[in-house]
Structures are given as structure tokens and as C-alpha cells.
Amino acid sequence: MPMVQLKKTPLPALDAIQRRDGFQEVNLGYTPAQALAEAQRCLLCQEPACEDGCPVGVPIRDFIKLIAEGKPLEAVRRIKQVNSLPAICGRVCPQEHQCELRCVIRGKQEPVAIGALERYVADYEMNDRPGAAGVSSGHNGSTSNGHKASAKVAVVGSGPASLTAAGDLSRMGYQVTLFEALHLPGGVLMYGIPEFRLPKSIVAAEIDKLREQGVEIRCNTVIGRTITIDQLMNEMGYAAVFIGSGAGSPKFMGIPGENLTGVYSANEFLTRINLMKAHCFPDYDTPVKKGQRVAVVGAGDTAMDVVRTAIRVGAKEASVVYRRTEKEMTARVEDYRHAAEEGVIFRWLTTPVRLVGSGDGWVRGMECVRMELCEPDESGRRRPMPVPGSESVMEVDLVVMALGTNPNPTVSQSTPGLATDQYGHIKADPLTGATSKPGVFAGGDVVTGSATVILAAGAGKRSALAIHRYLSEKLNASVPGRAAGSH
Ligand code: FAD
Ligand code: SF4
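About the cut-offs
Residues numbered from 1 in each chain as written. Chains lettered and ligands numbered in written order. Predicted model: local features only at pLDDT ≥ 70, side-chain atom pairs only at ≥ 80, totals over all residues. Heavy atoms only, no water. Core = buried A, V, L, I, M, F, W, Y, C linked by side-chain atoms within 4.5 Å. Buried < 20%, exposed > 50% of the residue type's maximum accessible area, 1.4 Å probe, protein only. Helix = DSSP H or I, 4+ residues; strand = E, 2+ residues; numbered from the N terminus. Domains from an automatic or database assignment. Contact = heavy atoms within 4.5 Å. Axes fitted to C-alpha atoms, helices over the stretch in contact; angles between N-to-C directions. Parallel < 35°, antiparallel > 145°, perpendicular 65-115°, else oblique. Left-handed = near helix turned anticlockwise from the far one by under 90°. Nonpolar A, V, L, I, M, F, W, Y, C, P; charged D, E, K, R; others polar. Near = heavy atom within 4 Å. Buried area = accessible area lost by both parts, 1.4 Å probe. Salt bridge = Lys/Arg side-chain N within 4 Å of Asp/Glu carboxyl O. Polar contact = N/O pair within 3.5 Å; in protein donor to acceptor, adjacent residues only side chain to side chain. Areas by Shrake-Rupley, 256 points an atom, 1.4 Å probe, with all protein chains shown as cover. Lys, Arg positive; Asp, Glu negative; His and termini not counted. Pairing = 2+ DSSP bridges.

> What is the right way to look at the nonpolar core in this model?
As a rule of thumb, soluble globular proteins bury nonpolar side chains together. Within the largest apolar cluster, 69 residues are counted, with the highest numbers of intra-cluster contacts made by Ile 60, Phe 63 and Ile 64. The biggest single contributor to this core is helix α18 (residues 453-478), with eight residues. Formed jointly, this core draws a minimum of three residues from each of two domains, domain 1 (16-127) and domain 2 (152-248 + 406-478). In contact with Phe 63, other than residues within four places in its own chain, are Val 58, Ala 75, Ile 79, Ile 114, Leu 117 and Glu 118. Phe 269, Ala 303, Val 307 and Phe 346 belong to the second-largest nonpolar core, a separate cluster that totals 33 residues.

> I would appreciate a short explanation of the packing of helix α4 (residues 60-68) against helix α7 (residues 114-126) in the present structure.
Each pair of packed helices gets described by two things: the angle between the helix axes and the distance between those axes. Two elements in contact, α4 and α7, have axes whose closest approach is 11 Å; the angle formed by their N-to-C orientations is 60 degrees. Taken together, the axes of α4 and α7 lie oblique to each other. Read as a crossing pair, α4 and α7 show a hand that is left-handed. Touching Ile 60, Phe 63, Ile 64 and Ile 67 of α4 are Ile 114, Leu 117, Glu 118 and Val 121, all from α7. Among the residues forming the contact of α4 with α7, the class breakdown is seven nonpolar, no polar and one charged.

> Before we go on, may I ask you to explain the site of ligand 2 in this structure?
Around ligand 2 lies a shell of 13 residues, among which Cys 54, Cys 93, Gln 98, Cys 99 and Glu 118 are the nearest. Here the shell around ligand 2 is composed, by residue class, of nine nonpolar, three polar and one charged.

> What exactly am I supposed to notice about the domain arrangement of the chain here?
The extent of an interface is frequently quoted as the accessible surface area lost upon association of the parts. Domain boundaries in the chain define domain 1 (16-127), domain 2 (152-248 + 406-478) and domain 3 (252-403). Taken together, the 13 residues of domain 1 in the interface contact 16 residues of domain 3. Counting the surface lost from both domain 1 and domain 3, the interface buries some 1,200 Å², and carbon and sulfur atoms represent 45% of this. Three residues stand out in domain 1 for area buried against domain 3, namely Arg 19, Arg 20 and Phe 23, and they jointly supply 51% of the buried area on that side. There are two salt bridges connecting domain 1 and domain 3. Measuring nitrogen to oxygen at the nearest pair gives 2.5 Å for the salt bridge that ties Arg 19 to Glu 342. Counting across the domain 1 and domain 3 interface gives 11 residue pairs in polar contact (both at pLDDT 80 or more).

> What is the right way to read the site of ligand 1 from this model?
Taken together, 35 residues are adjacent to ligand 1, and Val 92, Glu 180, Arg 197, Ile 223 and Asp 445 come closest. Interatomic distance of 3.4 Å between a backbone N/O atom of Thr 452 and an oxygen atom of ligand 1. Within the complex, the protein chains bury 93% of what would otherwise be the 1,000 Å² of accessible surface of ligand 1. At the level of secondary structure, the elements contributing two or more residues to the shell around ligand 1 comprise α9 (160-171), α14 (301-312) and α18. The biggest single contributor to the shell around ligand 1 is α14, with three residues.

> Where do I start with the side chain of Glu 51 in this structure?
Note that Glu 51 resides in helix α3 (residues 49-53). Buried charge without a partner: Glu 51 forms no salt bridge, and the closest opposite charge is Arg 61, 4.9 Å away. Only 3.0 Å separates the side chain of Glu 51 from the backbone nitrogen of Ile 60, close enough to count as a polar contact. Of the polar contacts made by the side chain of Glu 51, one reaches the backbone nitrogen of Arg 61; its length is 3.0 Å. With near-sequence residues (within four places) excluded, Glu 51 lies in contact with Gly 57, Val 58, Pro 59, Ile 60, Arg 61 and Asp 62.

> Help me out: how do you make sense of helix α13 (residues 266-274) in this one?
Residue pairs three or four apart in sequence face the same way in an α-helix, which turns once every 3.6 residues. Of all nine residues in α13, seven are buried; the element is thus mostly enclosed. Burial in α13 covers these residues: Ala 266, Asn 267, Phe 269, Leu 270, Thr 271, Ile 273 and Asn 274. In this structure, the buried residues of α13 make contact with α10 (188-191), β6 (263-265), α14, β14 (398-401) and β15 (405-406).

> I would appreciate a short explanation of the sheet that holds β6 in the present structure.
The strands making up a sheet associate through backbone hydrogen bonding, with each pair oriented either parallel or antiparallel. Taken in spatial order, the five strands of this open sheet run β6-β14-β7-β8-β9, and their pairing is parallel. At either margin of the open sheet sits one strand with a lone partner, and together these are β6 and β9 (345-347). On average, each strand axis in the sheet is inclined to that of its neighbour by 20 degrees, with strand direction left out of account. As judged from the five bridges shared by strand β7 (residues 293-297) and strand β8 (residues 317-321), these two strands associate in the parallel manner. Each residue of the ladder has a partner; that of Val 294, found in β8, is Ala 318. Lying over the sheet, α13 contacts β6 and β14, oriented at roughly 85 degrees with respect to β6.

Here it is as C-alpha cells:
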């Protein structure tokens, strides 16, 4: 009888000391032999619970079986029937809360490393160009079968929701134009998640594929300012619009001193470095403060990315300051572990109450109070309360607020008839993304608030299908005697 491998096949990673000085990807990915060993740990359950844990229902059992049979290209083709971005999701999905949480061997053994296997087959495809061309041409279960739909669809934003919607719609034969406010497409995948977790070449490859498919990408175009949604639909001939403009508007604490120099929002700090290469100033135009003593407030994915980036651009001491404990933090477990290995200090049960400046307007200190956890609040997590008299001042020269985000209101405020909730999220049907405005669909963080890549991608996929149905019905209604669904 073969010996049962209780632990996941370890994912090779760069050494913690070595990686502190650069932006190379930390996880190195499985070799074919490692992927095979890990695939063989899967029990190939009759009713795979892991698939219920994936927000888009990736056919996990089938793709792992194909790896075990030595067919990685078939495996990736199977995944792409429901998830267009496996190289990205395999790297950044919080698997421990999704698919791997539901793996039946979890408990007695470590769950199967589903994310690492997904990444393996996606990377295999990318590195196998002739095979890749064959695989990508027919995937996704799209209706692209030679019909030439002439309808034009506009896609706002270029994060995972928009990339997925644009890809699916163009494969269905629509003329898709993607409008992005920044000078590079990719959304958070490009400007937020750093290179050491998600190499930009992978995101760029997904975008190149869209261009090859015929998607037109217009950067430096702010919808709601440069062009409005109404202009797209009434003057420029777009029959439908998908809004995937994300939630990029930062939140601050509202404490004294937040306007001092050296205090950034996480989005600004990461964008300066990831997109503008500010750490290479003056070789690049944009500067950024390279703090020696850095405090990052918050303990989600964004906070881990910021603090690990700060280390890579030279921080001598980098801390995460969080008002709850390790148990309540929302960051991916792997990123937390990597941050700890890289020397990040975690100050749990601590919250800032005031930032202290020096005479020159720069931040120099952060006054904090200790917190204690009381009864659970409406989120189900224990409510943190300040401990009176526990104030102390940390010496800092860079503070980054990673406290979550809200949608930027530019699109919604410039679009009459587009309903939003009290936080500015666009109201959309969860199954189709249909909004209150006919022909306008929305999905991803702009609807749900800050969530995950796979949830945004899933929303883009559902909306692409809904837009196809909407336009098919519209076309059929305009052609006398044409049967519904024959588009
Ligand atoms: P976004 O990715 O936010 O893209 C929206 C795009 O729309 C942006 O490019 C923006 O410039 C553009 N835009 C906005 N307004 C306009 C306009 N008016 N006109 C034109 N374009 C516009 N999720 C995970 O699953 N795993 C992780 O490890 C993870 N880490 C994260 C780390 C960071 C630092 C951040 C910020 C988020 C992270 N997330 C992670 C969350 C995840 O990235 C988001 O949930 C996801 O990117 C949302 O996708 P989206 O397509 O809705 O929007
Ligand atoms: Fe797991 Fe994410 Fe892949 Fe779904 S897309 S199977 S949640 S890694």
C-alpha cells in the first residue's frame, strides 16, 4: 500500500533573507514531479466538497485527476471553462477559506494544495506556447462558433471583473472596448498586489490575450469624466456597458495628524511603487517616502502587501498595527506567515489615536492605545475597546493606512438612473449584474465592496452571459419573426 503523505507537498519559496531585498516572486511553483505527488494526495471524491468552497465552482476533482494522469494542458482547459484567470487565482485566492477549507482530508491531514496545483497547470500552459494557443482558442464554454455579432460593448475598468467580462464577451463575438482610468490596465492586479506575490508579466499576458482576441483597450480614460456612460450608449453606439470600476477610494481613521507628510493610504503607497516605480526615483518621475520606521494600520491582504513592500524598499523596522488579534485578521495565512518570516512586527490589540508631527510637517510618532476584546459586534467578531490610560507613542517616519476602501463615485454620480447604496456601491442583481439602468451591468468590488479576485472574476463572467442574453433578446425583438435565442 502506498504511504499516505499527510502534509501538502511543500511549495518551494525564496529564502526569507534573500527575498527581503527584492521584488522577485516568493513562491516558486511546483515542478512536474511535485505537482504529480500533490495530485496523488487527492481522493477524487464522488461528491467533491472542495468545489462547493470555490466561489465559481472550478471542477477541482476533474482537473486534479487530469494532472495525476499527466495531462496538465487538459487540466487547465477544464479550469478555464469556469475561471479565465487560473494563474492569478492559483496565486492569490484565500484558499484556506474557500476550496481547501472544504477538502475532506483536512483535519487528519493537510488539505490538498488546490491553489498551488491550479497555478502549476496555468504556468505550464503559459510556458508551453504552441500548446497554449491550442488550449486558449476554444476554452470557456463560450458561444463563439463563428457568428458575427456586430454589437459593441463597453467595459469600464480593467480589474479581474472587467478582464473576465471583456474576454468572455469578445469570445462570443462582440466588439469590446475596455476603458481604464490609469495608464496601464489590470486594476488591483497591476497597481495593488505587488510583484513578489503576483508577477506583472502574468497579468500582462492575460491582457495581451485580450488584445489578440480583438478587445480594444483605452487607457487614461476616466468614465464619468472623459466620457459618460450615457455618451457611450447614446452617441458612441455601445449597446451595453459593464462597470467593473472597483473600490479604490481609501478610508482614513479621522484621527488628528492624518494630513502630515509621510502618511499615505495603502492604495497610494502601492500604486506609487507598483505602477510608477517610485522606489527607483529619480530614474522614474514619481517619488515615495522610503520610511525607516514604518507602521501599517490594518491586518488584511492590503496591509501585508504594504508592510512587505516597505521592507523591500528599505524599512529597518516595519510594524502592522491592528486593533484586534491574529485570530480576527483577514489576511491570507500564507502572506501573514511570509510577512513574519521577513521580520514584520505585529502589534495586536493596538490602535492609533493621534499622529504626531515634527516642526517640518513630517510624521514622527504615532500615539496608540491598547485594546481589549469584549462581546461580539454585528460582524460576529469580538468588539475591541480601548484600555484607559494605556497610551504610548511609537516612533515612526512613515504611516500607511490599510483600512479598506469604498467605490470611487465618479461613474455613479455621472450616470442618471444608476442606483447605489449608502456607501456608493452600485446596486446590481447578484445573478446577472443588471443594474437599475437598462443595458448597464456591474460587478466586482464596485458592487460588493472590497472582496476577492475570484469573486470579481465570477461576477464578470455572469454579467458577460447576461449581457449576451440581453443583446440577443434585443436583436431578436428588432428583427420581425426572429425566434428568441437564435442570435
Ligand atoms: P479592481 O481590481 O479594483 O479594478 C478596477 C479598475 O477600474 C481599476 O483599474 C481602476 O483604475 C478602474 N477605474 C475606476 N474608476 C474608473 C473610471 N471612472 N473609468 C475607468 N476606469 C476606472 N484579493 C484576493 O483574492 N487575493 C489577494 O491576495 C488580494 N490581495 C489584495 C491586495 C491589495 C493591495 C488590494 C487592494 C486588494 C487585494 N485583493 C485580493 C482584493 C482584489 O484585488 C479585489 O477584490 C479585486 O481586484 C476587485 O476586482 P475589480 O475588477 O472589481 O476591481
Ligand atoms: Fe480554489 Fe480559487 Fe481555484 Fe476556486 S479559483 S479552486 S477558490 S484557488
